[in-house]
Amino acid sequence: SLMGSDGGVFVGMEESQWVYALPPSLAGSQYAAAGSDSSVAAGRVSFCLGLQGPCSTTNTACASALSALHVAMHTVRAAECGRATVLAIGLKLVPHITLVVAAAGMLSTEGRCKTFDARANGYACGEGSGAVVVERRAGGEGGREEQTAGGILRGCLGRQDGRSASLTAPNGRAQSTLLRVVLAASGLKPEALDLLEAHGTGTKLGDPTEAGGLAAVHGTAGRESPLAVSGGKANYAHSEGGAGLD
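What counts as what
- Residues numbered from 1 in each chain as written.
- Predicted model: local features only at pLDDT ≥ 70, side-chain atom pairs only at ≥ 80, totals over all residues.
- Heavy atoms only, no water.
- Helix = DSSP H or I, 4+ residues; strand = E, 2+ residues; numbered from the N terminus.
- Contact = heavy atoms within 4.5 Å.
- Lys, Arg positive; Asp, Glu negative; His and termini not counted.
- Charge placed at Lys NZ, Arg CZ, Asp CG, Glu CD.
- Salt bridge = Lys/Arg side-chain N within 4 Å of Asp/Glu carboxyl O.
- Buried < 20%, exposed > 50% of the residue type's maximum accessible area, 1.4 Å probe, protein only.
- pLDDT = per-residue confidence, 0-100.
- Axes fitted to C-alpha atoms, helices over the stretch in contact; angles between N-to-C directions.
- Parallel < 35°, antiparallel > 145°, perpendicular 65-115°, else oblique.
- Left-handed = near helix turned anticlockwise from the far one by under 90°.
- Nonpolar A, V, L, I, M, F, W, Y, C, P; charged D, E, K, R; others polar.
- Core = buried A, V, L, I, M, F, W, Y, C linked by side-chain atoms within 4.5 Å.
- Polar contact = N/O pair within 3.5 Å; in protein donor to acceptor, adjacent residues only side chain to side chain.
- Disulfide = S-S within 2.5 Å.

A. Spotlight on the overall build of the chain. Helix and strand content of the chain: seven helices and eight strands. Overall, the C-alpha framework of the chain stretches about 60 × 50 × 30 Å when taken along its three principal axes. Within the chain, contacts between residues at least 6 apart in sequence are counted, and of these 72% link residues at least 24 apart. Within the chain, the 21 negative side-chain charges are centred at a point lying 5 Å from the centre of the 19 positive side-chain charges.

B. Up close: the pattern of salt bridges. This model, assessed by the stated rule, comprises four salt bridges. Linking E240 and K92 is a salt bridge whose minimum nitrogen-to-oxygen distance equals 2.3 Å. With a gap of 148 residues between them, E240 in the segment after α7 (233-236) and K92 in the loop between β3 (83-90) and α4 (96-103) connect regions that are remote in the sequence. Accessibility expressed as a relative area gives 10% for E240, which makes it buried.

C. Spotlight on the confidence of the model for the chain. The share of residues in the chain with pLDDT of 70 or more is 97%, and the mean pLDDT across the chain is 90. Mean pLDDT values for the elements of the chain range from 71 in strand β5 (residues 146-148) up to 98 in strand β1 (residues 8-12).

D. A look at the packing of helix α5 (residues 172-186) against helix α6 (residues 206-217). Two elements in contact, α5 and α6, have axes whose closest approach is 8 Å; the angle formed by their N-to-C orientations is 40 degrees. For the element pair α5 / α6, the angle class is oblique. Here the hand of the crossing between α5 and α6 comes out right-handed. For the pair α5 and α6, the contacting residues are G172, Q175, S176, L179, R180 and L183 in the first and T209, E210, G213, L214, A216 and V217 in the second. Across the contact of α5 with α6, the residue classes break down as five nonpolar, five polar and two charged.

E. Local environment of the environment of G162. Summarising the element assignment, G162 is placed in the loop between β6 (151-153) and α5. Taking the C-alpha atoms as reference points, G162 and T109, separated by 53 residues in sequence, lie 30 Å from one another.

F. Looking closely at unusual backbone geometry. Even without a glycine there, the phi angle at A61 is positive, about 55 degrees. Positive phi, normally seen in glycine, also occurs at A79, with a value near 60 degrees.

G. Up close: the nonpolar core. The biggest cluster of nonpolar side chains holds 16 residues, and the ones touching the most others in it are L69, A84, V86 and L245. Taken together, the elements giving at least two residues each to this core come down to α3 (64-77), β3 and β4 (128-136). The element that contributes the greatest number of residues to this core is α3, accounting for six residues. If we ignore the near neighbours within four places in the chain, the residues touching L69 are V86, V132, V134, L153 and C156. Among the nonpolar cores identified, the runner-up in size contains eight residues, and L178, L183, L193 and L227 belong to it.

H. Structural detail: the side chain of E210. Within the secondary structure, E210 sits in helix α6. Buried E210, no salt bridge; nearest opposite-charge side chain is K233, N-O distance 7.5 Å. Reaching out from E210, the side chain makes a polar contact with the backbone nitrogen of G200 at a distance of 3.0 Å. What E210 contacts, discounting residues up to four positions off in sequence, is F116, Q175, A198, H199 and G200.

I. Representation of the state of the cysteines. In total, this model carries zero disulfides according to the counting rule given. Cysteine C48 remains unbridged, with the sulfur of C55 as its closest cysteine sulfur at 11 Å. Of all cysteine sulfurs in the structure, the one in C81 sits closest to C55, which takes part in no disulfide; the separation is 11 Å. Of the residues examined, C55 reaches a relative accessible area of 36% and is grouped as partly exposed.

Next comes the structure, spelled out in structure tokens:
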């Protein structure tokens, strides 16, 4: 029923590990070429469903899922497609990357993400996938709201830390600035939020920085009730490219 429609497909994923899991006899095949190109992940969904709308794969590491959602929301808002399917996935098909991050001291020795815990000593690798359909909500306030299967998407924003202590080190000031900008763009005040899902990987550097950025924006002044901060990775680990939609 979707054949020939203008539906968009936006996939968030890091580098595909599928090609590394192939036996040598298939490494040079046409399937290896298609399977190793992350752009084909989104293209394959559009191909199978016959969708002719915008189609792209986004790789922004752990933010891939939310970056894909960001692009999808603005594409729907600009009426470039009637609806957009956003997908994200993170699978561990070979041990190579896990061994690298373990050697770098980024993983928890107990295999747990101890989110916002004094015992935090790194994150745990997980797997996950998710999908959501974004479409314009009829009667949305000023045309600024998009509807997903789970509720109303008031706003979305993606930014970079810029210059920090190192390439992978977070920047608390940049994080708090992002929060202020996206709240303003969504027409919301910080005290309007009741629940916030944190990145919360359970690292000694990332978690305190994130907590400080949240406190700088939300704090407690003007709130009738505390802001609840959730850390789902403490339950199901960090699916990296799939995080945010899994």
